[in-house]
Amino acid sequence: MTDVHALMSDQAADIAADSPAAGKLARQFGALTGGEVYRESIVARHGVAFFLLRKGAEKRLALVWSAGASSTVPTDFEGDQVTGHIDEADVTAKICPTHAANAGALRRHIRWTGPSLVGLTKSVGLGDRLGLATPGHVRAVMGTDVAPIFAQQSIRELARTERTPQDVIDAATWGVFQAGWRQPSGADADHLKTIDDIEATLAAGFCMFTIDPSDHVDNAADTDDAGRLAEKFGALPWSKLESTSSDWMDAYAGKRFALPGGMVLCFDREDVLRAGVKYGSAVAHVCKLARHLALRAGDRFELEMSVDETTTPTSLLEHYFVANELKRLGVRCVSLAPRFVGEFEKGVDYRGDLHRFERQLIGHVAIARHLGPYKISIHSGSDKFSIYPIVARHAGDLVHVKTAGTSYLEALRVAATKVPGLFREVLDFARDRFDTDKATYHISADLARVAPTEAIRDEDLPSLVDQHDARQVLHVTFGSVLTWRRDDGGWLLRDRLLAMLMEHEQTYCQMLAAHLGRHVDPFVEH
Ligand code: ZN
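Residues numbered from 1 in each chain as written. Predicted model: local features only at pLDDT ≥ 70, side-chain atom pairs only at ≥ 80, totals over all residues. Heavy atoms only, no water.

So, the environment of Gly363
Now for step 1: Looking at the secondary structure, you find Gly363 in helix α13 (residues 354-371).
Now for step 2: C-alpha of Gly363 to C-alpha of Gly342: the two residues are 21 residues apart in sequence and 16 Å apart in space.
Now for step 3: Beyond its immediate stretch of four places on either side in the chain, Gly363 contacts Leu259, Met263 and Leu316. (Helix = DSSP H or I, 4+ residues; strand = E, 2+ residues; numbered from the N terminus. Contact = heavy atoms within 4.5 Å.)

Dropping the structure here:
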């Protein structure tokens, strides 16, 4: 592919972003449209070139075609047309805002800019609370055999950032397009609790659904006395579970379940009572949501079940019991997130006994192989560098690592490095909000160990992003930082943070590629 006319006359041409031809095209398209073209984005379909460009702080989608191609030009993009010349031939460009309708049109015409099923391919979830991280996330997975989930947000994060499910899908679409990712990528509607959550995210185009039944988990079952336990067991929603208390006893009590690798699980009657009471209603709830999804989405969805936000670790017996019951009820999961032993605090490394973690993980993986196969999903998976090699060794391809907030911290690292004044404002504000905002998080930060910013020199600010306590203070206050409004109704920090990231786009991309790359590398087949 050497020039613009060859590109646009081809039926469906992709050009290598690092080729001289791409550089020349980017310059020609830039001159035509008056913007700076992201050369990785250039692609042609049926005689029309598509690319993303930037004018100041604004991004635009552009379509370019030559006179002969007008019959194949899509009509479903909104934008303004300009005419000009490239290599002395007449061409037309349509310059389109990057709004939701045009994101939808782009997904229709260029399939890989929208979400796909990822299946049992090993994968990494790369949540992006700001909507600007996907190009950096692309760089972190490019050239690896790990499948990315670029669009990923929980209902709780959506509420805290005042974003919609559509915002999340569209941000991933533009990011994928900009950075030239042309492989499948997933879209995970995370920690869904209700049918309404499913409906809202399904309508936006999500195709992976993480069901969180933790509101239906009875944590007291771990310590209830025999009488209370028997009473609760009898009162489980048996019709929804399509079973009876005696069926469950017969199926599990005194039985031996051999797993691949030689491990054998045995339930006694008390184990059945405790596992049944703790997870019975949760199984019924997951089943209800999964069947609703199957009715609404046919086979165009994949399901994760997450019990990572329960108060006690998921034992191997409990994992086996839950997965086996879901299987009996016809619910197929692509992944399951247990609550592991040890502490999975937000934004920092694993804290706990690595040998104990490893022993439990081996059991969880054996169950996943035996009853699925499905992937073991590691939630709060960012920055858990000490466990990745262990997980990679035992889970092989049956692994999903879910990160959500670490790209926000990298954004703050850009601020600390490039705009110290803005970072000081964020940290001071975060210190004020910390006691309120930490409530729903599992963290150990102590505000007293975070120095006030006036005591810190500019050049030392970036190191705060790596300091345990400051890191968690910054991590859990993202919602307040991103949605706090001044008395006059304007954003306190959000718009300045986003503008700062646009201005330092390359730096953000490099920092994300480096940091998330460290999450992906241990899982890559070398
Ligand atoms: Zn989770």
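Considerations on the side chain of Asp212
Now for step 1: Among the structural elements, Asp212 can be located in the loop between β10 (208-211) and α8 (226-234).
Now for step 2: At 2.7 Å, the side chain of Asp212 forms a polar contact with the side chain of Ser214.
Now for step 3: In this view, Asp212 contacts His191, Leu192, Lys193, Ser306 and Glu309; residues no more than four positions away in its chain are not counted. (Polar contact = N/O pair within 3.5 Å; in protein donor to acceptor, adjacent residues only side chain to side chain.)

Notes on the pattern of salt bridges
Now for step 1: Evaluation of the coordinates by the stated rule reveals 38 salt bridges.
Now for step 2: Lys193 is the partner of Asp212 in a salt bridge, and the nearest nitrogen-oxygen pair spans 3.9 Å. Of this pair, Asp212 sits in the loop between β10 and α8 while Lys193 sits in the loop between β9 (186-192) and α7 (195-204), and the two are 19 residues apart along the sequence.
Now for step 3: You can call Asp212 buried: its relative accessible area is 2%.
Now for step 4: For Lys193, a relative accessible area of 28% gives the class partly exposed. (Salt bridge = Lys/Arg side-chain N within 4 Å of Asp/Glu carboxyl O. Buried < 20%, exposed > 50% of the residue type's maximum accessible area, 1.4 Å probe, protein only.)

Section: the side chain of Asp308
Now for step 1: Take Asp308: it is sitting in the loop between β13 (302-306) and α12 (316-328).
Now for step 2: The charged side chain of Asp308 is buried without a salt bridge, its nearest counter-charge being Lys346 at 5.9 Å.
Now for step 3: Within the local environment of Asp308, its side chain forms a polar contact with the side chain of His379, the two groups lying 3.3 Å apart.
Now for step 4: Aside from chain neighbours lying at most four places away, what touches Asp308 is His191, Ala337, Pro338, Arg339 and His379. (Lys, Arg positive; Asp, Glu negative; His and termini not counted.)

Re the pairing of β9
Sheet faces and side chains relate simply in a regular strand, where the side chains alternate between the two faces.
Now for step 1: Most of β9 is tucked away, with seven of its seven residues classed as buried.
Now for step 2: Note: strand β8 (residues 147-154) against β9, five bridges, orientation parallel. In the strand pairing of β9, Ile149 is matched with Gly186.
Now for step 3: Where β9 meets β10, three bridges bridge the pair, whose relative direction is parallel. Across the sheet, Ala189 pairs through a bridge with Phe209, a residue of β10.
Now for step 4: The handedness of the β9 to β10 crossover, carried by α7, is right-handed. (Pairing = 2+ DSSP bridges. Right-handed = clockwise from strand over helix to strand, strands pointing away.)

Remarks on the nonpolar core
Now for step 1: Counting residues in each nonpolar core, the largest one holds 150 residues, and the members touching the most others are Phe177, Phe357 and Phe423.
Now for step 2: Top contributing element to this core by residue count: helix α11 (residues 269-297), with 14 residues.
Now for step 3: With residues near it in sequence (within four places) discarded, Phe177 still touches Glu40, Ser41, Val43, Phe50, Phe51, Leu52, Leu61, Leu106, Ile110, Trp112 and Thr113.
Now for step 4: Core analysis: the next-biggest nonpolar cluster, separate from the first, contains 14 residues, Leu25, Ala62, Val64 and Ala93 among them. (Core = buried A, V, L, I, M, F, W, Y, C linked by side-chain atoms within 4.5 Å.)

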